[in-house]
Amino acid sequence: MEKLPFVSKEKVEEIAQVYPTPFHLYDEKGIRENVSNLKKAFSWNKGFKEYFAVKATPNPFLINILREYGCGCDCSSKTELMMAKTIGATGDDIMFSSNDTPIEEFKYCNDLGGIINLDDITHIEAVEKACGRLPEKMSCRYNPGGIFKISNDIMDNPGDAKYGMTTEQIYKAYEIMKEKGVKEFGIHSFLCSNTVTNEYYPMLAKLLFELIVDIKNKLGIHISFVNLSGGIGIPYRPEQEKNDIFVIGEGVRKAYEEVLVPAGMDDVAIFTELGRYMMGPYGGLVTKAINEKHTHKEYVGVDACAVNLMRPAIYGAYHHITVLGKENEACDFKYDVTGSLCENCDKFAIDRMLPKIEMGDYLFIHDAGAHGFSMGYNYNGKLKSAEILLNEDGSFKLIRRAETPKDYFQTFDCFDLYDELIKE
Ligand SMILES: *Cc1c(COP(=O)(O)O)cnc(C)c1O
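Remember, it's a predicted structure, so these values are computed and weren't measured experimentally.

### A short note on helix α6 (residues 123-131)
Inference 1: Those residues of α6 that sit buried are H123, I124, A126, V127, A130 and C131. Down the axis of α6, the buried set is contained in an arc of 160°. They therefore lie on one face. Exposed side of α6, more than 90 degrees from the buried face: E125 and K129 are the residues found there.
Inference 2: Turning to α6, the residues buried within the fold contact α5 (103-112), β5 (115-118), β6 (137-141) and α7 (167-179).
Inference 3: The positive-phi residue at the C-terminal boundary of α6 is G132, with phi of around 90°.

### Description of the site of the ligand
Inference 1: As a matter of local geometry, the ligand sits amid 15 residues, with K55, E273, G275, R276 and H371 nearest to it.
Inference 2: Interatomic distance of 2.6 Å between a side-chain N/O atom of K55 and an oxygen atom of the ligand.
Inference 3: One nitrogen or oxygen atom from the main chain of G231 is found 3.1 Å from an oxygen atom belonging to the ligand.
Inference 4: Here the ligand, which alone exposes 390 Å², has 91% of that area covered by the protein.
Inference 5: Class assignment for the residues of the shell around the ligand results in 3 nonpolar, 7 polar and 5 charged.

### Concerning the side chain of N45
Inference 1: Looking at the secondary structure, you find N45 in the loop between α2 (28-41) and β2 (49-53).
Inference 2: A relative accessible area of 5% means that N45 is categorised as buried.
Inference 3: Only 3.1 Å separates the side chain of N45 from the backbone nitrogen of F48, close enough to count as a polar contact.
Inference 4: If we skip the residues at most four places from it in the chain, N45 touches Y256, V268, A269 and I270.

### Some points on the nonpolar core
Inference 1: Membership of the largest hydrophobic core comes to 89 residues, with the highest contact counts inside it found for Y174, M177, I187 and F209.
Inference 2: A per-element tally of this core places helix α8 (residues 200-219) first, with 11 residues.
Inference 3: In contact with I187, not counting residues within four places along its chain, are S139, C140, Y142, I170, Y174, L208, L211, I212, I223, F225, V226 and N227.

### Some thoughts on the packing of α2 against helix α3 (residues 60-67)
Inference 1: Running from amino to carboxyl end, α2 crosses α3 at an angle of 35°, the nearest separation of the two axes being 10 Å. At the point where α2 passes α3, the crossing takes the right-handed sense. In this structure, α2 contributes E28, I31, R32 and V35 to the contact, and α3 contributes L62, I65 and L66.
Inference 2: A class-by-class count of the residues in the contact of α2 with α3 yields 5 nonpolar, no polar and 2 charged.

### What to know about the environment of G181
Inference 1: Note on placement: G181 falls in the loop between α7 and β9 (184-188).
Inference 2: Sequence separation between G181 and P135 is 46 residues; the distance between their C-alpha atoms is 8.1 Å.

### Looking at the packing of aromatic side chains
Given two aromatic rings, one states the distance between the centres and the angle between the planes to describe the pair.
Inference 1: Using the criterion set out here, one finds 16 aromatic pairs in the structure.
Inference 2: Pairing W44 with Y256 gives two aromatic rings, centres 5.2 Å apart and planes at 70°, and the pair type is edge-to-face. Of this pair, W44 sits in the loop between α2 and β2 while Y256 is found in helix α9 (residues 245-260), placing the two residues 212 residues apart along the sequence.
Inference 3: By relative accessible area, which is 26% here, W44 ends up partly exposed.
Inference 4: For the pair Y51 and F271, a centre-to-centre distance of 5.2 Å together with 65° between the ring planes defines the contact as edge-to-face. Taken together, the residues Y51 in strand β2 and F271 in strand β11 (residues 269-272) connect sequence positions 220 residues apart.
Inference 5: Ring pairing ties together the aromatic residues F42, W44, F48, F209 and Y256, which thus form one cluster.

### Remarks on the sheet that holds strand β4 (residues 94-96)
Hydrogen bonds between backbone groups are what pair the strands of a sheet, and the pairing can be parallel or antiparallel.
Inference 1: If you trace the 8 strands once around the closed barrel, you get β2-β3-β4-β5-β6-β9-β10-β11, paired in parallel fashion. Taking the axes of each pair of neighbouring strands and ignoring which way they run, one obtains an average angle of 25° across the sheet.
Inference 2: Across 3 bridges, the pairing between strand β3 (residues 72-75) and β4 is parallel. Looking at the pairing, C75 lines up with F96 of β4.
Inference 3: Against the sheet, α8 engages β9, β10 (223-227) and β11, with an angle of about 160° to β10.

### Some details on the side chain of H24
Inference 1: Topologically, H24 is positioned in strand β1 (residues 23-27).
Inference 2: Since its relative accessible area comes to 1%, H24 is described here as buried.
Inference 3: At 2.9 Å, the side chain of H24 and the backbone oxygen of N308 are in polar contact.
Inference 4: Setting aside residues no more than four positions away along its own chain, H24 makes contact with G284, L285, N308, A368, G372, F373, S385, A386, E387 and I388.

### Focus: the packing of helix α4 (residues 78-86) against α5
Inference 1: It is the contact of α4 with α5, at a shortest axis distance of 10 Å, that shows an interaxial angle of 15°. Looking at the two axes, α4 sits roughly parallel to α5. For the pair α4 and α5, the crossing hand works out as left-handed. Residues K78, L81, M82 and K85 of α4 form the contact with α5, whose participating residues are E105, Y108, C109 and L112.
Inference 2: Of the residues contributing to the contact of α4 with α5, the split by class is 5 nonpolar, no polar and 3 charged.

### Comments concerning a nonpolar patch on the surface
Inference 1: A cluster of nonpolar side chains, F412, F415, L417 and L421, forms an exposed patch at the surface whose accessible area comes to about 370 Å².
Inference 2: Its place among the elements puts L417 in helix α13 (residues 417-422).

### A short note on the pattern of salt bridges
Inference 1: One pass over the full model with this rule turns up 24 salt bridges.
Inference 2: Note that D93 and K49 form a salt bridge whose closest N and O atoms lie 2.5 Å from each other. In this pair, D93 sits in the loop between α4 and β4 while K49 sits in strand β2, placing the two residues 44 residues apart along the sequence.
Inference 3: Under the relative-accessibility criterion, D93 is labelled buried at 19%.
Inference 4: K137 serves as the salt-bridge partner of D92, at 2.9 Å between the closest nitrogen and oxygen. Of this pair, D92 sits in the loop between α4 and β4 while K137 is found in strand β6, placing the two residues 45 residues apart along the sequence.
Inference 5: Residues participating in the shared-partner salt-bridge network are E28, R32, E68 and E392.

Rules and cut-offs
- Residues numbered from 1 in each chain as written.
- Predicted model: local features only at pLDDT ≥ 70, side-chain atom pairs only at ≥ 80, totals over all residues.
- Heavy atoms only, no water.
- Buried < 20%, exposed > 50% of the residue type's maximum accessible area, 1.4 Å probe, protein only.
- Helix = DSSP H or I, 4+ residues; strand = E, 2+ residues; numbered from the N terminus.
- Arc of directions from axis to C-beta.
- Contact = heavy atoms within 4.5 Å.
- Near = heavy atom within 4 Å.
- Polar contact = N/O pair within 3.5 Å; in protein donor to acceptor, adjacent residues only side chain to side chain.
- Areas by Shrake-Rupley, 256 points an atom, 1.4 Å probe, with all protein chains shown as cover.
- Nonpolar A, V, L, I, M, F, W, Y, C, P; charged D, E, K, R; others polar.
- Core = buried A, V, L, I, M, F, W, Y, C linked by side-chain atoms within 4.5 Å.
- Axes fitted to C-alpha atoms, helices over the stretch in contact; angles between N-to-C directions.
- Left-handed = near helix turned anticlockwise from the far one by under 90°.
- Phe/Tyr/Trp six-rings, centres within 6.5 Å; stacked < 30°, edge-to-face > 60°.
- Pairing = 2+ DSSP bridges.
- Parallel < 35°, antiparallel > 145°, perpendicular 65-115°, else oblique.
- Patch = residues over 30% accessible without salt bridge, like charges linked within 9 Å, V, L, I, M, F, W, Y side chains within 5 Å.
- Salt bridge = Lys/Arg side-chain N within 4 Å of Asp/Glu carboxyl O.

The following block contains the structure:
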């Protein structure tokens, strides 16, 4: 499928007059349509709730859009819990799916009334220690090990993943938790990342549904919510076919009817913790071509770099690029599109066929709305960019300003020289 940006060259020029490139731009309309469809696809389940994976796009303005549709926050650290708190997400609106968790973060979550999702059996004791006693509602993270396959395709390798408890451990964990007064139980599992297939969620759901029926039969413990976590992917490449959330929702419903309903468990709520699927396609990194270099290869240097979007540098991930205003021109020039870090992996694209790029052209780097801005760092003294929301009515709003050198030097405020340094 042809990938087109959600913004025109003219609009980007208008925005860039106010906020210089590079910046992350988000599409309010796309975000709203998508979350609304997710809700519809799972409307057959009375307790359905999406806990947005905050780490994917930790911006309160964006998360607040999702909050209008009843979404909660899936947090992985204390700072993310704090962000949830600032936007009024507390109690059942928080899922704390952390790992290698510092013990005091359990307490912080518990004080907010959030649901603690235990990554390990040893954390039962840690939570007890941190909170005085176990909360009444808790969840456990499951890792069946082995290799997760769909048909003959190896999707991922849970046996190699650090997350979750083994089958034996999870039975034991529920037993201990029940003994210690937990009243409401959940289960969570995240086996494959960025799946571009409609089969992942239904398969995972079936596996978890069968497990919780067995737990009920063996331990007499009723698990009241099943958290399918993240993992629904997006088509980063034009040739990939997009997931159909309605087919996915229907697939999960079928597994529910097949496994849970006959077991008398038709009150189980389905939770999700989607990140990439909720925001990925609705954010783009907008950057300007500022240098060209003709050496052993043809290079176009842009004003963004891996600090603004790391995925190509660290995973070799493909991100589609549109040269704005040249959507209909032939792609008959081959470029490496680079940032300015002193790292040769700082390339947004390698040997990419694109229209002829002139200096000053704006490039739209697609699908940067999740695990984009949030993964950024400050290597080479690079500063993080602004985030801007393109509203449904075509107006735009700054939702996070760009960092300044002052931000970069802020943590040196323990030295006298800092005052000198920041005189700009
Ligand atoms: C990262 C993460 C998610 C979100 O994953 P996506 O691939 O963005 O959907 C959800 N839950 C947990 C525990 C995670 O670590």
